[in-house]
Structures are given as structure tokens and as C-alpha cells.
Amino acid sequence: DDGYRLWLKYDLIKDVAKRDDYVRSAQFIVLNGNSQILKSAADELQTGLQGLLGKSVPLIANAGNRTGGIVLTVADAPNADAQTLTSEGYKVLPKQNNIAIVSKTEKGVLYGVFALLRQIQTGQLVNNLSLTSNPKIQYRLLNHWDNTNGTIERGYAGESLWKWYELPATVDPRYRDYARANASLGINGTVVNNVNASARFLTDEYIQKVAALANVFRAYGIRVYLSVYFPAPKTIGGLKTADPLDPEVRKWWADKTKEIYTVIPDFGGFLVKANSEGEPGPQDYGRNHADGANMLANALAPYDGIVIWRAFVYKADSKADRFKAAYEEFTPLDGKFDKKVIVQVKNGPIDFQPREPVSPLFGAMPKTPLAMEFQITQEYTGFATHLVYEAPLFKECLDTDTYAKGKGSPVSKVIDGSLHGYTTTAISGVANTGSDRNWTGNPMAQANWYAFGRLAWDHTLSSEDIAHEWIKMTLTTEPKAVKTITDLMLRSREIYVNYNTPIGLSRPWSGIHFAPEPWLEKSSRPDWTAIYYHRADSIGLGFNRTATGSNALAQYRLEVQQMWNDPETCPLPYLLWYHHIPWIKKLSTGRTLWDELCTRFYTGADSVGWMQQQWAQVKPAVDPEIFADVTGRLITQHKEAIWWRDAWVLYLQQYSRQPIPAPYKKPERTLDDVKRLVDIYQLR
Ligand code: BDP
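Residues numbered from 1 in each chain as written. Predicted model: local features only at pLDDT ≥ 70, side-chain atom pairs only at ≥ 80, totals over all residues.

Per an unreviewed UniProt entry, the chain goes by Xylan alpha-1,2-glucuronidase and derives from Spirosoma flavum. You can read under Sequence similarities (unreviewed entry) in the UniProt record for the chain the words "Belongs to the glycosyl hydrolase 67 family." Checking UniProt for the chain, the heading Catalytic activity (unreviewed entry) contains the comment "Hydrolysis of (1->2)-alpha-D-(4-O-methyl)glucuronosyl links in the main chain of hardwood xylans." (UniProt positions renumbered as here; feature names shortened; annotations may be inferred.)

In C-alpha cells:
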């Protein structure tokens, strides 16, 4: 198994009794209508059932008196079955001794088909099956950070999936499989290019290429979006300015948008990174984010498209706390954005760290729809080598209470619109896909794409249930192995945090964002060094963000501040995010800070050994190719975990001047050895 089929494997069900049971319920498929999306739904159902049941299931136009089949119904007229459904929702229910899949739209029928297949793939009964499901968030998107030259910013699974040089004439059949995989999760949009955008994507040449992708994705209910380069009116339009209030600039965007919609009638809209990390934006012309976003919204006014404006901003100012930047720039603009604009906020205030507190913006923008931006690709969580199951990371953020409207105001309710009554809602995941045959490099990283999609549809699902589904559909249905792998996945993120950034350390410093470099003190800007974040000194470690420090904590609601303000009661996972703690300070675990850190670094690295043992046990239940692939990656992960441990411990020991506590042994190498290793690792 080369992993290409992802969770849509559709291998023959081995349990004959079970298979026969399914066969009795799936003797025919009724398809009434021939739209593209319905055709995709019927195709998928036929393909899936053929594989799972080993039997070809005919398509018919009308059930007549027949029973024991699957009936696909778009209930456009008032229909009792469709009553509680929103436009993309579906029901799977028993009806006249058939299984009915009902939705108000074709897209909903497609999602219902995937839900039924998932039931069968995970071994659930389908007789009398009754499912009702509505997506909680409206725009469920992948963000690809892909460039015209085929590279992917922070991509670890090969080159871009999009073969720009051969599009639009040659359309790789893989695009359809990409669309199937996304539709199976309910993902309904994809931003195809990097947020650090090239203006070329807005040229006629590229619009044609993107249109060719859109033509494939449309049959699976997926709309394409483009990241835009804000000064494009200058670079490709020949104008003298890109000032969003300039009439010529506005006209340029309106014309460009019209051109796009002529070729891509269901175009989704624009994603914008502006005045962030050197990307130009409206502030270059004395305007603000709302001026820029609203100008694009105006260009989109005649169409069903949106502007997704990113809040990932921070200025190069050595004295400022980067943590505070997005809040400072965006809260004054709350309520000033056009209704077509959604502000997209990364889950944490800094940058996709292995563990971050939630961004304070989620509790502070009641009048502006906020979208969640999660990073599926593992920029800070070990690339495609380390096994880190991200659902617990996503859930931790979604479940955090912002107290925006008192207790019971979790982030999930902010972004699904229910807290403030936003009518436009969105969630994005920075994709981890690439041209590798198995899509994600590490076969286990497929689970992160899967988990993002499932949570985008329904954020109340548990990490454990999602893992179960994915394992059964992708790796094995053998119960003991399912349990072992679930356990391994559920613990993996905490293990990573322990050897990488325990107790609230953070590390978004320069370079490739992987190798440990806690000693890094010089870079093109101070907040791209390591010492800026960890603030180790002879007294202790951590960033004081209380009132006696940067006071970033003041950006949260009072109740949240109270949770984190006091170092005595601040939960350990966030401690060093907010406090500078003396090395010798006793923590709630009974250990001093230094001893606790060492304990985490050592147990974290040792736990990768445990992960290896767990994985070894599932060998008989998993495909040999996938088993060997993951086994190899775990060996590297173990080596690198020890490397991280040694780098931190040896570096911090210079400040703590404390011995490594028993039973842990002092690293065999010196700090200089580790530094040399990292230097070589970072060489081109
Ligand atoms: C950082 C990445 C950088 C992205 C940036 C962003 O290192 O490559 O361009 O985020 O999200 O995490 O804009």
C-alpha cells in the first residue's frame, strides 16, 4: 500500500456476515438527476461499494417498488425530511425499506454519501441508520502555501500538487483525487497559492490555469480562492500606486475580479496577507487593514465571493512584544469591515507553536467575523518526520473559553458565529499535502488533514473518535491495533511538546524552523532570535507578560487574565508564556523549575522510545510498506528528540547552574557538539 488512497481505501470487507448485511442494503443506487456533483456522489458510492462489498451496484433512475437500495434525493421542494437541514447538511435515514440520503443541495447529498461510506468503512450497521448532520462553519478551507515554481513554503511532502507549467492544457487526474479526499471531509474551498503571494496569479495566464483546477474541483463542491499580492495594480497593472482609496486602483481590482468571474463563475474570493513580515499593504499608503479589505470587498460586491484578511501582523520593533501586535492593530477596526470580509486569525498570538494560548483577538472582536487559521503542515512540529497528531492541539484551542460573553464563550462559538451572530463563518487549515505519492510524506500526517476537515465540519467531535475513524479507514480495523495506534496518536502531541517546548517555552526563531537553536541571539530582527522568546538569565526563564512585564495578558478578558496572571495558579502548560520563573522556584509538581524542565525534556525524548515500541506491536495488523515507513520515521524522531533535549538542557544549564537531576544522565555531548551539529544541519 503506497498510501495514495488515503482514507478512501475501500478494501474488501473481510467479515463475510457483515459484508452480506451491507450487500442486502445496497442492491442498487437511485440517482435522479445528472448534475456534476450528483454524478460525483453516485460515482463515489459505486466505487466505494464495489471495493468494500466486491460487487458492482447498478445505478437506476427510479426505485419503483424495489427495496434494499440507496436513494439519493435533493429535496428542493418543501420536504419533511429536509426540514432541519441547512444548505450543505444531510440526512441518512431509512425510508420505504431503502436507505435515503437527503439534502437540500447536491453538495449535501455528496457529503451524505461520504458519511454512509464512512459508516461502512468503520464497520457500523447501516440498517435503520439515522444520521443528521449540518456543518457548523460555512467556509471550510485549505490554504496552500504553494508557489509558481512548484515549491511549497513550509511544505514537507514534495513539490506542489499543482503543475503550473503544464496547466491548463494538461490536467493531472490527481486533482480529482485531491477533490474527493476533501469533499469526503466536507472541505468546500481551497486557496491554491501562498499567502506570500506572487502577482502572477492575477495574470490572464494564471487565471486560466486556476480555472482548469476549478473545473475539476467544482464537481466536488470545492471553490477556488486566490491569495493576492496587494500591490498587484502596480506590478502587473502598470499603475503608479496601490492605494486602496485611489479610484484607479479600485477600478483595477473591480476589472480584475470581473475577469476572474468570467472564467471561474464560482470563484470563492481573495485571501490577503498585508503589512505582515515585509509583505506590502494598505499601511504603505497611510490606510488601514479595513480600507484594504473593504476595497477588495467592493470589487467582489457583484459576486458571491469573500475577502479573507489575515490578522497575522507584527512590526519590527525590538521593544514591543510581538504577542500583542495583532490585537493592537485589529481591535480598533472592529465593526469597520465590510460584510463580505472575514478576518482570519491564527490560533495563537505568535505563530503555530507546538502549544500556544489562544489569540486574545478571539475574545475581542464581537463585530467582526473571525476565521480560525490552523496549521496542518508541521512547520514547528517536526516536519514530516515526527508523529504529532494535531486534533488535540486544534481542540484545545477551540474549547478554550474566551469569556467574551461571560462563561461559556469558547473559541469554537466565536468562529462558528453562534456567540456573536456572525452570518459568515470560516475555518482554514494550512495544507500539509504535496506531490509525494502518499500526499503528506509521513503516512501518519494524513490523519492531520483528516482531523482538520472533520473538525471544520463539526468541532464537537472528539480527538479520539476522529482518530478511531481515521485508523479504521486508513490503517487497520483490528481492534487491538486500533486501540494501540489511537493511544499513540493521542499522546503524541504532548510528548513532542515535552522534548521541544515544555511548560510554555516558544521557539519561532529564524532558519528552517526545525533545528534547535536556543542560543540564537542575532537575526535580521530581534523577534526572530531565540533569546527574545525564552528570556533565559541567571535568575530564571520565561517571558513576563503580566503587568510588571509586557502586560499582554491585559488583552484577555478579566476571567482569562485571572487564570493566567498568577504564577502560583497559572497552568503549567502556559507558565513560561506569561511568567519569568526562577530556576529554583518549586512548581505545583513539587519539583523546581529546573528539575521539572529536565524531567520533561528527558521523559519526552524517552517517550519516543515508547512510541516505537507501541508501533512495533501493530506490525501484523498494518500494511508492510506503511509499517516500514512509519518505523523509519520514528527512528529519526527519536534521534532528533534527544538532540532537542540535549540542546535545551546544555544551553539552559549555563544559566541555571544546576546539575541534571537523577535519574537522568548528563548528555554525552557538549553544547559545542550540538551547535556544530545544528550548523551543519542548516547548511544548504
Ligand atoms: C510563518 C511561516 C512563514 C509564513 C508566515 C505566515 O514561517 O513561512 O509566511 O507564518 O503565516 O509561520 O504568513
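After that view, the rundown keeps rolling.
Caption draft 1: Expanded view of the overall build of the chain. Looking only at helices and strands, one finds 20 helices and 16 strands in the chain. Seen through its C-alpha atoms, the chain measures out along the principal axes to roughly 80 × 65 × 50 Å. Contacts in the chain between residues at least 24 apart in sequence constitute 71% of all its contacts with a sequence separation of at least 6. (Helix = DSSP H or I, 4+ residues; strand = E, 2+ residues; numbered from the N terminus. Contact = placed C-beta atoms within 7 Å.)

Caption draft 2: Seen up close, the sheet that holds strand β7 (residues 139-143). Strand order in the closed barrel formed by eight strands is β7-β8-β9-β10-β11-β12-β13-β14, with parallel pairing between adjacent strands. Between one strand axis and the next, the sheet turns by 25° as a mean value, whatever way the strands run. Helix α8 (residues 289-300) contacts β10 (269-272), β11 (306-310) and β12 (341-346) of the sheet and is inclined by roughly 160° relative to β11. (Pairing = 2+ DSSP bridges. Axes fitted to C-alpha atoms, helices over the stretch in contact; angles between N-to-C directions.)

Caption draft 3: Structural view of the site of the ligand. Close to the ligand lie E153, R154, V195, N196, K273, E277, F312, D351, F352, E379 and H513, which account for all nearby residues. The residue inventory of the shell around the ligand, partitioned by class, reads three nonpolar, two polar and six charged. (Near = placed C-beta within 6 Å. Nonpolar A, V, L, I, M, F, W, Y, C, P; charged D, E, K, R; others polar.)

Caption draft 4: Molecular detail of the domain arrangement of the chain. For the chain, the assigned domains are domain 1 (16-133), domain 2 (139-474) and domain 3 (497-543 + 580-682). Centre-to-centre separation of domain 1 and domain 2, based on C-alpha positions: 32 Å. Contacts between domain 1 and domain 2 engage twelve residues on the former and eleven residues on the latter. For the side of domain 1 that touches domain 2, the secondary-structure elements that each account for two or more residues are α2 (36-53) and α3 (106-121). Counted by class, the side of domain 1 that touches domain 2 contains four nonpolar, five polar and three charged residues. (Domains from an automatic or database assignment.)

Caption draft 5: Broad picture of the nonpolar core. Counting 214 residues, the largest nonpolar core has L72, I101, L296, V307, V343, L361 and A371 as its most contacted members. With sequence-adjacent residues up to four places away left out, V343 is seen in contact with W309, A311, F330, F337, M365, T368, L370 and A371. (Core = buried A, V, L, I, M, F, W, Y, C linked by C-beta atoms within 7 Å. Buried ≥ 20, exposed ≤ 12 C-beta atoms within 10 Å, placed from the backbone.)

Caption draft 6: Highlighting the UniProt feature "domain: Glycosyl hydrolase family 67 C-terminal" (unreviewed entry) in the chain. Taking the numbering used here, the UniProt-annotated feature "domain: Glycosyl hydrolase family 67 C-terminal" (unreviewed entry) corresponds to residues 440-662. Helix makes up 53% of residues 440-662 and strand makes up 2%, while its end C-alpha atoms are separated by 40 Å.

Caption draft 7: Spotlight on the environment of V263. Checked against the element boundaries, V263 lands in helix α7 (residues 247-263). Residue class for V263 comes out partly exposed when judged on the 16 C-beta atoms lying within 10 Å of it. The spacing of V263 and I207 is 56 residues in sequence and 7.7 Å in space, taken between C-alpha atoms. Leave out the neighbours within four places in its chain, and V263 touches I207, Q208 and A211.

Caption draft 8: How the structure looks around the environment of I635. Mapping I635 onto the fold places it in helix α19 (residues 624-656). Since 13 C-beta atoms lie within 10 Å of it, I635 is described here as partly exposed. The sequence separation of I635 and T151 amounts to 484 residues, and the corresponding C-alpha distance is 27 Å.

Caption draft 9: Geometry of unusual backbone geometry. A cis amide bond, omega 0°, links L167 with the succeeding residue P168. Topologically, P168 is positioned in the loop between β7 and α4 (174-185). For the bond running from A662 to P663, omega is 5°, close enough to zero to count as cis. Within the secondary structure, P663 is located in the loop between α19 and α20 (671-682). Phi angles above zero are rare outside glycine, and Y403 is one such case at about 60°. Mapping Y403 onto the fold places it in the loop between α10 (391-399) and α11 (411-415).

Caption draft 10: Examining the sheet that holds strand β5 (residues 98-103) more closely. Ordered in space as β2-β1-β3-β5-β4-β6, the six strands form an open sheet in which the pairing is mixed. Edge positions in the open sheet fall to β2 (59-60) and β6 (131-133), since each of these has one partner strand only. Pairing analysis gives five bridges linking strand β4 (residues 90-95) to β5, with the strands arranged antiparallel. From the neighbouring strand, V92 faces β5, where its bridge partner is I101. The sheet strands contacting α2 are β1 (29-31), β2 and β3 (70-74), and the helix crosses β1 at an angle near 170°.

Caption draft 11: Local environment of the packing of helix α5 (residues 204-217) against α7. Between α5 and α7, the least distance of the axes is 9 Å, while the angle of their chain directions is 40°. Remark: the crossing between α5 and α7 carries right-handed chirality. Where α5 abuts α7, its residues I207, Q208 and A211 lie against E259, I260 and V263. Tallied by class, the residues present in the contact of α5 with α7 amount to four nonpolar, one polar and one charged. (Left-handed = near helix turned anticlockwise from the far one by under 90°.)

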